[in-house]
Amino acid sequence: MSLPVILDCDPGHDDVFALWFGAGHPALDLRAVTTVGGNVPLEFTQYNARVALTVAGVLDVPVAAGASGPLERVLQTAEWIHGANGLGGPELPEPEVPLDARSATELMADTLLEASEPVAIVATGPITNVAVLLRDRPDLVGRIREVVWMGGSTERGNATPYAEFNALVDPEALDLVVRSGVPFTMVGLNVTHTALVTTEVRERVVALGSRTGAFGDELFEFFCRTNHEVFGMPEGPLHDPVAVAVLADPGCVRTVRTRLDIELAGTETAGATSVDFDGMLDREANADIAVGLDVPRFWDALELALTRLA
Ligand code: RIB
Ligand code: CA
């Protein structure tokens, strides 16, 4: 029996692979896609999500647009990694997936209400949409199996010295979600930086011989180039699909249950994800924190998903 999933994202190159992972893997049943302003403004992220599903031949999953920016702060974007339109590199086909008339919150709510079992939410961008859902529809919390989020870091940041990009964009939303008590897993840079797009990975994707494989390699070409230029990482870290792996093949990702707090007030540290592995603050554990990735198993799981797409 496959696990019902909602994927909230800000495509973005790595978000596309998270979408494909969720749509293609046999252990998952992608019920809905919601989009948020993040890597690039919402007008692009919602379009890019629809393009990604079109390329993969996934035309029956609803896609809605959600928050254009954070709960309180001004949107920060990441064109230097993803390009002006968010999917630099390939020529984008016209999406065959329409934009759903509902908001992200409305689509999430309908999806939760229609499901016969609790639904997992995977978020791979600033977590604003999930925060709005929890804030505005507390009656639905019991229908959420868990939230798995790509973001944060148990070490250094990638947007500021101490903050990972998704956390930095909307730390108030992240704080609200963590405090809500919904089962929460953080998949941070400390783990996603091991999901590197090596030459061997690129060869496996090209060898799929599919439209998805060809488009995916064009995304890799751009993503690896910009990550090399910006971070000196020629093999770009494919962050977002690691969050999907937590649900698709739980044995891929090792987690530790401990205390997570979000820095909101820091002049230099806003968006920092403070993980108290050693219990120094004597606070109750409130999150599962990813601490390790079985890299070969991860790529095998993602490849399996991709083989099932157009
Ligand atoms: O810091 C990496 C995260 O920020 C990824 O989700 C990437 O897509 C960007 O959203
Ligand atoms: Ca993302």
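Just so it is clear, the structure is predicted and the values come from calculations on it, not from any experiment.

A.B. asks: Please explain the coordination of the calcium ion (ligand 2) as it appears in this structure.
C.D. replies: Of the protein atoms, only Asp-10 (OD), Asp-15 (OD), Asp-15 (OD), Thr-124 (O) and Asp-240 (OD) coordinate the calcium ion (ligand 2), at distances of 2.2 to 2.6 Å. Here the donor residues of the calcium ion (ligand 2) are spaced in sequence according to D-x4-D-x108-T-x115-D. Of this pair, Thr-124 sits in the loop between strand S5 (119–123) and helix H5 (128–136) while Asp-240 sits in the loop between helix H10 (211–231) and helix H11 (241–248), placing them 116 residues apart in sequence. No difference in accessibility class separates Thr-124 from Asp-240, as the two residues are buried.

A.B. asks: Explain the site of ligand 1 to me, please; I cannot follow it from the model alone.
C.D. replies: The local shell around ligand 1 holds 14 residues, among which Asp-14, Thr-124, Asn-158, Glu-164 and Asp-240 are the closest. Interatomic distance of 3.0 Å between a side-chain N/O atom of Asp-15 and an oxygen atom of ligand 1. Relative to its unbound accessible area of 280 Å², ligand 1 is 97% covered by the protein chains. Mapped onto the shell around ligand 1, the elements with two or more residues apiece are helix H1 (13–24) and helix H6 (165–169). Looking at side-chain class alone, the shell around ligand 1 contains three nonpolar, six polar and five charged residues.

A.B. asks: Sorry if this is basic, but what is going on with H10 here?
C.D. replies: Two residues of an α-helix separated by three or four positions point the same way, owing to the 3.6 residues in each turn. In this model H10 runs 29 Å from its N-terminal to its C-terminal C-alpha over 21 residues, within 8% of the 30 Å that 1.5 Å per residue would give. Among the structural elements, H1, helix H2 (42–56), helix H3 (79–82), helix H9 (199–206) and helix H12 (295–307) are those in contact with the buried residues of H10.

A.B. asks: Sorry, what's going on with the side chain of Glu-146 here?
C.D. replies: Within the fold, Glu-146 resides in strand S6 (residues 144–150). Here Glu-146 falls in the buried class, since its relative accessible area comes to 14%. Within the structure, Glu-146 has its side chain in polar contact with the side chain of Arg-145 (distance 2.3 Å). In contact with Glu-146, not counting residues within four places along its chain, are Val-119, Ala-120, Ile-121, Pro-183, Thr-185 and Leu-247.

A.B. asks: Could you clarify how one ought to interpret the nonpolar core in this entry?
C.D. replies: Note on soluble globular proteins: their nonpolar side chains tend to be buried together. Formed by 60 residues in total, the largest nonpolar core has its most connected members in Trp-20, Phe-21, Val-33 and Phe-298. Residue contributions to this core peak at seven residues, all from H11. Residues contacting Trp-20, with those up to four places away along its chain left out, are His-25, Ala-52, Val-55, Ala-56, Thr-212, Phe-215, Gly-216, Leu-219, Ala-305, Leu-306 and Leu-309.

A.B. asks: Even after reading the chapter, I still don't get the packing of aromatic side chains, so can you show me in this structure?
C.D. replies: The description of an aromatic ring pair rests on the distance of the ring centres and on the angle between the ring planes. Tallying each qualifying case throughout the model produces six aromatic pairs. Aromatic ring contacts, followed pair by pair, group Phe-17, Trp-20, Phe-215 and Phe-220 into a single cluster. Residue placement shows Arg-156 over the ring face of Tyr-162; its charged tip is 4.9 Å from the ring centre.

Conventions used here
Residues numbered from 1 in each chain as written. Chains lettered and ligands numbered in written order. Predicted model: local features only at pLDDT ≥ 70, side-chain atom pairs only at ≥ 80, totals over all residues. Heavy atoms only, no water. Donors = N, O, S within 2.8 Å, 3.2 Å for Na, K, Ca; no water. Helix = DSSP H or I, 4+ residues; strand = E, 2+ residues; numbered from the N terminus. Buried < 20%, exposed > 50% of the residue type's maximum accessible area, 1.4 Å probe, protein only. Near = heavy atom within 4 Å. Polar contact = N/O pair within 3.5 Å; in protein donor to acceptor, adjacent residues only side chain to side chain. Areas by Shrake-Rupley, 256 points an atom, 1.4 Å probe, with all protein chains shown as cover. Nonpolar A, V, L, I, M, F, W, Y, C, P; charged D, E, K, R; others polar. Expected span 1.5 Å × (residues − 1). Contact = heavy atoms within 4.5 Å. Core = buried A, V, L, I, M, F, W, Y, C linked by side-chain atoms within 4.5 Å. Phe/Tyr/Trp six-rings, centres within 6.5 Å; stacked < 30°, edge-to-face > 60°. Lys NZ or Arg CZ within 6 Å of the ring centre and 35° of its normal.

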